[in-house]
Amino acid sequence: MKKRRDRNPWNMLSDEMVETVLALLPTLDFYRCQFVCKRWSSIINSPTFETASHEIFNRRPWFLIFNKLPASVLVYDMEICDWRTRLKLLLPTQIRKKPCIPVVSSGGLMCFQSVANSYVVCNPFTGSVRSLPRFRLSKKFRGGWIAMHVPQGSNSYKLFLVCGTWPDMVMKVFSPGEKRAMWKSLSLKLLTKEHEPWSIWDRGVTVIGNEQQILLYYLTLDGNLVCIDTEKCTIAIYSRLLEGDNFFTMDLVECGGRVFVAVLMETGGMSSSMKRMLHVWEFDIESAAWKQTSVLPANLSKDYYNNEALITCSGHGEYIMICVNSIIEDTSFNHVVIYNLKENTWTDLSPCSGDFTGDVKVLLPYSFKPDIKARV
């Protein structure tokens, strides 16, 4: 008696051909495909699939937008250039149930804070989580300005926390790769001594220096750029982007190893014609100078001048997401745009705010690279 012919067309394809077909899918879709059958799971988790998927498909980041707390989160997938409105992130229980707030992201990982000196690192794509050990600081080191570094192609990461107000500052470093993973304290020293006491904003960015050391960049509260060399533990303070009071609000962002700020600047010669325009500036690390990169086109701009606003932004690769949050109740709005550095183009994504439940106050964007292998 003849065997029935296998009518499943997938069984007629070799593993190499199935790998090619699956590698053509966006990251979220091939991740879901691993649960279809054992064969697909084996192919997707094989050593060759990650290489094939990056060679065949242009892997782009996601942008996660939180409305103050992780209970409300939206995902914009740059691989399909659209919102994943039905996607439920696998945020761990200890993040969903406790009042944790997102503080920083890098690569395929995010860091949340629950209470003072208590942090949680997770992979929102897979749901893996790690609660970091708590530490104690004296009162003069209150506050914590955090940055996270995930080397490209690595499963490791480092968290940098700068606490205090100059000259009483200390840097705490956490690296999970060591045998006894714990926070280490490093003293900081200025390259020059003629600076008054200053403090920095809550989030920083990291880039790799000429000597392959990790450099941290922060903004001071009065707009100066601070660079911390994590190997030498030295601090360099650079001039403000703009002198005087002709900038309104800004936020720091890293893209492709470069440092940028998104800023609302006042333009126009006379007060009656003054407008606040959204600009992107780059800090040239080699020359230690600022240069303007782009301005949001007038047809995409909103009435920023008559509204108190707060800028929050995040970047990955060649993309920067910028949220302009109006903080006046009567005229409140949230303006969300994506800037493409390579093509010098802008995209308006503002309708997303309507998908949040409850009052939308401040949208917080975080770049995220969906990665099955990102370990906490």
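Cut-off values and rules
Residues numbered from 1 in each chain as written. Predicted model: local features only at pLDDT ≥ 70, side-chain atom pairs only at ≥ 80, totals over all residues. Heavy atoms only, no water. Pairing = 2+ DSSP bridges. Helix = DSSP H or I, 4+ residues; strand = E, 2+ residues; numbered from the N terminus. Axes fitted to C-alpha atoms, helices over the stretch in contact; angles between N-to-C directions. Buried < 20%, exposed > 50% of the residue type's maximum accessible area, 1.4 Å probe, protein only. Arc of directions from axis to C-beta. Contact = heavy atoms within 4.5 Å. Core = buried A, V, L, I, M, F, W, Y, C linked by side-chain atoms within 4.5 Å.

(A) View of the sheet that holds strand S24 (residues 345-348). Strand order in the open sheet made by the four strands is S21-S22-S23-S24, with antiparallel pairing throughout. Every interior strand has two partners, whereas the edge strands, strand S21 (309-316) and S24, have only one. Recorded for the sheet is a direction-independent mean angle of 20 degrees between the axes of neighbouring strands. Across four bridges, strand S23 (residues 334-340) lies against S24 in antiparallel orientation.

(B) Region of the structure containing helix H4 (residues 47-56). Along H4, the positions that sit buried rather than exposed are Phe49, Ala52 and Ser53. Summarising the axial view, the buried residues of H4 lie within an arc of 100 degrees, below the 170-degree limit, and thus occupy one face. Residues Pro47 and Glu55 are exposed on H4 and point more than 90 degrees away from its buried face. Where H4 is buried, its residues touch helix H1 (15-23), helix H2 (27-33) and helix H3 (38-44).

(C) Representation of the sheet that holds strand S11 (residues 183-187) in the model. Taken in spatial order, the four strands make up an open sheet running S8-S9-S10-S11, and their pairing is antiparallel. Strand pairing shows two members of the sheet lacking a second neighbour, strand S8 (145-149) and S11, which therefore form its edges. When the angles between neighbouring strand axes are averaged without regard to direction, this sheet yields 20 degrees. Relative to S11, strand S10 (residues 168-174) runs antiparallel, the two sharing five bridges. Bridge pairing in S11 links Phe174 to Trp183.

(D) Main features of the pairing of strand S19 (residues 275-284). Burial runs high along S19: eight of the ten residues are buried. Examined bridge by bridge, S19 and strand S20 (residues 289-295) share six bridges and lie antiparallel to one another. Paired with Trp281 across the strands is Gln292, a residue of S20. Count of turn residues in the S19/S20 antiparallel hairpin: four residues, of which Ala288 carries a positive phi of about 55 degrees.

(E) Quick peek at the nonpolar core. Judged by nonpolar contacts, the single largest core of 21 residues is most densely connected at Leu278, Ile320, Ile322, Val324 and Trp346. When residues no more than four places from it in sequence are discounted, the contact partners of Ile320 are Val253, Cys255, Phe260, Val280, Cys313, Ser314, Gly315, Val337, Ile338, Tyr339 and Leu341. Core analysis: the second largest hydrophobic core is formed by 20 residues, Ile146, Met148, Tyr157 and Leu161 among them.

Just distances and angles here, no functional claims.
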